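The residues making up each chain are set out below.
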Amino acid sequence: FWGIPASSIWLESLLQGGPLFRGQANARQFVNEDHVDAIVGSSSVLTTAPIFSIAAESQTVQLPLAPITIPESAQKWVFNIAQPLDIMVGGVVTDMVDQGFDKIAYIGFADGWGDQNLDALTAQAKAHGLDIVASERYSRTDASATAQAINIVSSGADAVYVGGAGTASVLPHRALRDMGFQGPIYHSHGAVAETFIQTGGSVVEGAVMPTSPMVVADELPDDHPSKAPALNFIKAFQAEWGDETVQPFAGYAWDAVLLLDSAVATASETAKPGTPEFRAALRDALEAGGEVAGVSAVYEYGEDDHYGVDERARVLVEVRDGAFSLR
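Residues numbered from 1 in each chain as written. Predicted model: local features only at pLDDT ≥ 70, side-chain atom pairs only at ≥ 80, totals over all residues. Heavy atoms only, no water.

### Overview of the overall build of the chain
- Looking only at helices and strands, the chain has 10 helices and 13 strands in total.
- In terms of overall dimensions, the chain is globule-like: its C-alpha atoms have a radius of gyration of 20 Å, near the 20 Å expected for 327 residues.
- Oriented by its inertia axes, the alpha-carbon framework of the chain measures out at about 65 × 40 × 35 Å.
- Long-range contacts, defined here as pairs at least 24 residues apart, represent 64% of the contacts in the chain between residues at least 6 apart.
- Looking at the chain as shown, the accessible area adds up to about 14000 Å², and 50% of this sits on carbon and sulfur atoms.
- Averaging the positions of the 18 positive and the 42 negative side-chain charges in the chain gives two centres separated by 3 Å. (Helix = DSSP H or I, 4+ residues; strand = E, 2+ residues; numbered from the N terminus. Rg over C-alpha atoms; globule rule 2.2 N^0.38 Å. Contact = heavy atoms within 4.5 Å. Areas by Shrake-Rupley, 256 points an atom, 1.4 Å probe, with all protein chains shown as cover. Lys, Arg positive; Asp, Glu negative; His and termini not counted. Charge placed at Lys NZ, Arg CZ, Asp CG, Glu CD.)

### Quick notes on the layout of surface pockets
- Volume-wise, the second largest pocket comes out at about 310 Å³.
- What lines the second largest pocket is a set of 19 residues, among which Glu194, Val215, Val216, Thr245 and Val246 lie closest to the centre.
- Those elements giving two or more residues to the lining of the second largest pocket turn out to be helix 8 (227-241) and strand 13 (323-326).
- In terms of residue count, helix 8 provides more of the lining of the second largest pocket than any other element does, 3 residues in total. (1 Å grid on protein atoms, 1.4 Å probe; cavity = no way out; pocket = protein on both sides within 12 Å on 5 of 7 lines; lining within 4 Å. Points joined across faces, edges and corners; volume = space filled by probe spheres on them.)

### Some words on helix 3 (residues 85-98)
- Counted at 1.5 Å a residue, the expected span for helix 3 with its 14 residues is 20 Å, and the 20 Å between its end C-alpha atoms agrees.
- Summarising burial for helix 3: 10 of the 14 residues are buried, a large majority.
- Taken as a whole, helix 3 has its buried residues at Leu85, Ile87, Met88, Val89, Gly90, Gly91, Val92, Val93, Asp95 and Met96.
- Those residues of helix 3 that are buried lie in contact with strand 5 (103-109), helix 4 (112-128), strand 7 (159-163), strand 8 (185-187), strand 9 (208-211) and strand 12 (315-320).
- Of the residues one or two after helix 3, Gly100 is the one with positive phi, at around 85°. (Expected span 1.5 Å × (residues − 1). Buried < 20%, exposed > 50% of the residue type's maximum accessible area, 1.4 Å probe, protein only.)

### Details of the side chain of Ser188
- Locating Ser188 in the fold gives a position in the loop between strand 8 and helix 7 (194-200).
- With sequence-adjacent residues up to four places away left out, Ser188 is seen in contact with Trp113, Asn117, Tyr161, Val162, Gly164, Met209 and Pro210.

### Quick look at the pattern of salt bridges
- Counted according to the given criterion, the structure contains 11 salt bridges.
- Across the pair Asp95 and Arg327 runs a salt bridge, and its minimum N-O distance is 2.9 Å. In this pair, Asp95 sits in helix 3 while Arg327 sits in the segment after strand 13, placing the two residues 232 residues apart along the sequence.
- In this structure, Glu291 engages Arg312 in a salt bridge whose closest nitrogen and oxygen atoms are separated by 3.2 Å. In this pair, Glu291 is assigned in the loop between helix 10 (276-287) and strand 10 (292-293) and Arg312 in the loop between strand 11 (298-299) and strand 12, connecting sequence segments 21 residues apart.
- It is possible to trace a salt-bridge network through shared partners that takes in Asp95, Glu318, Arg320 and Arg327. (Salt bridge = Lys/Arg side-chain N within 4 Å of Asp/Glu carboxyl O.)

### Here we look at the packing of aromatic side chains
- For the structure on display, the rule yields 7 aromatic pairs.
- Consider the rings of Tyr106 and Tyr161, whose centres lie 6.1 Å apart with planes at 25°: the pair is stacked. Note that Tyr106 is positioned in strand 5 and Tyr161 in strand 7, a separation of 55 residues in sequence.
- The class of Tyr161 is buried, set by a relative accessible area of 1%.
- Through a chain of ring-to-ring contacts, three or more aromatic side chains come together here, namely Phe79, Tyr299 and Tyr301. (Phe/Tyr/Trp six-rings, centres within 6.5 Å; stacked < 30°, edge-to-face > 60°.)

Here it is as structure tokens:
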């Protein structure tokens, strides 16, 4: 948990990995003791949701870094940064349609993330006339997904979508290949990490998934609105931390600061930071701020849209020669 000064306000960021109660306790401290004007975080669905009520009660802007559904009770004060699942899964389903597939299968985590992926896939498949012929689940800590892979292969699916994340996404992918499945295997954007490739090796070659434009910034066409911001961010990040791969969550945090910097300039014209009036002005400025080109998306929030992104927020990548490459 950490706070960083940005413009004329303090942004308090909740980082993934802390216990749930710790996240709530820190959020309470932020609004009750520190009187912050914005909360950035958290970066996991599990730790983000409990902060919604704190943001709403205290009338403090919250910018989650996780792809989470914003409940109606929190919509006024929550502005999401990570791309919503319907945008990301929509890219996968569009590709499936373009490839001429009719029957698809699903295997995902037996938890909330798996539920959200299945819900998005079901809606997108229905809209595009695809049949989900098999639906399987597995736990993040499972040692085998053989039984689920057998069921999927038996279903006659043309392609498979894996609703997992990180290295745990490799398990069903490997099981499907071991069981002889030759079709394409798609993954959620939660699998876009170097550890996925390191763990899967040659087995995950050809895996396809949606992700932020930043991941393949150097391959984007020059007119893509996120190319220049992403290249500038990567240069600054690597100058500070070395030539390591920049992960999408780092980009979400950067975009949150870009959005707040823009909104702070407007809010400061009418109110003083650290006051209820400033927090309200900051919220209004985010909602009416127009387009902001970030490294992950082009954001434009509105009264009825606190996700603020469109198809420009996603690209499809493929694991090719041990790296993520633009599809």
